[in-house]
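Topology and contacts: notes
Here are the chains, one letter per residue:
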Amino acid sequence: MPERINILPKDGEVYYLPDFFSKQESEKLFAVLLNEIEWQQDEVMMFGKRIVTQRRMAWYGDENKPYRYSGILRTPKPWTRTLLEIQHLVNSTFQTSLNACLMNLYRNGEEGMGWHSDDEPELGKQPIIVSLSLGAERAFDFKHKDSGDKQRIYLETGSLLLMKGATQKHWKHALPKSKKVLDPRINLTFREIQNG
């Protein structure tokens, strides 16, 4: 793994790699993914009710790698050529075997993601999540589950964020809304589904 500094003060490992893709490469990837991905509105279970979110999402991955989060089981669509190329590059960079990708399309800063941890059983005890940001720069927050300590980072286009170790056990993360952000953002979160 490229040498980086852990941005969390304790109980987890998070590494930020700006410029993993150049601005020109990022713009090209954004345009391709915006058009070739089968985006759909996300559905989550909250307080026993099925809620349709503003943001768009997509779930791609290896065959037989379903993923249950927010109370709903999702079946992966087959990898596109573009996604496979990014997946191979990520896996070779970090020596990982990430086999699925949860993608989000935020059309502007009015769309975000609340506090949560990626700690579903099929991700294993110490999940590795690699997040690629394309498009608008957005703030990304961490909050320690016990102490309430907070950490903020700004995710630039073409950057990678690696979360590993005990991060999901001890920290929640969120993409806060912002009226100042007018442009869209695509986020690819590669992960390893250990069932199936």
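Use the structure listed above.
Here's what I pulled together on the structure shown here. Computed from a predicted structure; not experimentally measured. (Residues numbered from 1 in each chain as written. Predicted model: local features only at pLDDT ≥ 70, side-chain atom pairs only at ≥ 80, totals over all residues. Heavy atoms only, no water.)

Assigned secondary structure in the protein consists of 3 helices and 13 strands. At 16 Å, the protein has a C-alpha radius of gyration in line with the 16 Å of a compact globule built from 196 residues. In terms of overall dimensions, the protein has a C-alpha envelope of 40 × 40 × 40 Å along the principal axes. Evaluated residue by residue, the protein yields a buried proportion of 49% over its 196 residues. Long-range contacts, defined as pairs at least 24 residues apart, comprise 74% of the intrachain contacts of the protein with a sequence gap of at least 6. Once the 28 positive and 26 negative side-chain charges of the protein are each reduced to a mean point, those two points are 6 Å apart. (Helix = DSSP H or I, 4+ residues; strand = E, 2+ residues; numbered from the N terminus. Rg over C-alpha atoms; globule rule 2.2 N^0.38 Å. Buried < 20%, exposed > 50% of the residue type's maximum accessible area, 1.4 Å probe, protein only. Contact = heavy atoms within 4.5 Å. Lys, Arg positive; Asp, Glu negative; His and termini not counted. Charge placed at Lys NZ, Arg CZ, Asp CG, Glu CD.)

Look at helix H1 (residues 23-36): 20 Å from first C-alpha to last across 14 residues, which is about the 20 Å you get at 1.5 Å a residue. Lining the buried residues of H1 we find helix H2 (81-94), strand S6 (100-106), strand S8 (129-135) and strand S13 (185-191). (Expected span 1.5 Å × (residues − 1).)

Moving on to H2. Compared with an ideal rise of 1.5 Å per residue, which puts 14 residues at 20 Å, H2 spans 20 Å between its outermost C-alpha atoms and is within 8% of the ideal. Of all the positions in H2, only Thr-82, Leu-83, Ile-86, Gln-87, Val-90, Asn-91, Thr-93 and Phe-94 are classed as buried. Angular distribution of buried residues about the axis of H2 spans 160°; they occupy a single face of the element. Exposed residues on H2 whose side chains face more than 90 degrees from its buried face are Arg-81, Glu-85 and His-88. (Arc of directions from axis to C-beta.)

For the rest of this paragraph, the subject is the environment of Ala-58. Relative to the helices and strands, Ala-58 is located in strand S3 (residues 49-61). Setting aside its immediate chain neighbours within four residues, Ala-58 contacts Ile-37, Glu-38, Trp-39, Cys-101, Leu-102 and Met-103.

The geometry of H1 relative to H2 is characterised by a closest axis approach of 10 Å and an angle of 130° between their N-to-C directions. The angle between H1 and H2 places the two elements in the oblique class. Contacts between H1 and H2 involve Leu-29, Val-32, Leu-33 and Glu-36 on the former and, on the latter, Thr-82, Leu-83 and Ile-86. Considered class by class, the residues forming the contact of H1 with H2 number 5 nonpolar, 1 polar and 1 charged. (Axes fitted to C-alpha atoms, helices over the stretch in contact; angles between N-to-C directions. Parallel < 35°, antiparallel > 145°, perpendicular 65-115°, else oblique. Nonpolar A, V, L, I, M, F, W, Y, C, P; charged D, E, K, R; others polar.)

Our next topic: the packing of aromatic side chains. Per the counting criterion, the structure on display carries 4 aromatic pairs. Between Trp-59 and Tyr-67, the aromatic rings sit 4.8 Å apart at their centres with planes inclined by 25°, giving stacked as the arrangement. Using a relative accessible area of 1% as the deciding quantity, one classes Tyr-67 as buried. Ring centres of Phe-140 and Phe-142 lie 5.3 Å apart, and the angle between their planes is 85°; this geometry places the pair in the edge-to-face category. The pair Phe-140 / Phe-142 is uniform in exposure class, with both members buried. The positively charged end of Arg-138 is found above the aromatic ring belonging to Tyr-106, 5.7 Å away from the centroid. (Phe/Tyr/Trp six-rings, centres within 6.5 Å; stacked < 30°, edge-to-face > 60°. Lys NZ or Arg CZ within 6 Å of the ring centre and 35° of its normal.)

Read these as geometric descriptors, not functional statements.
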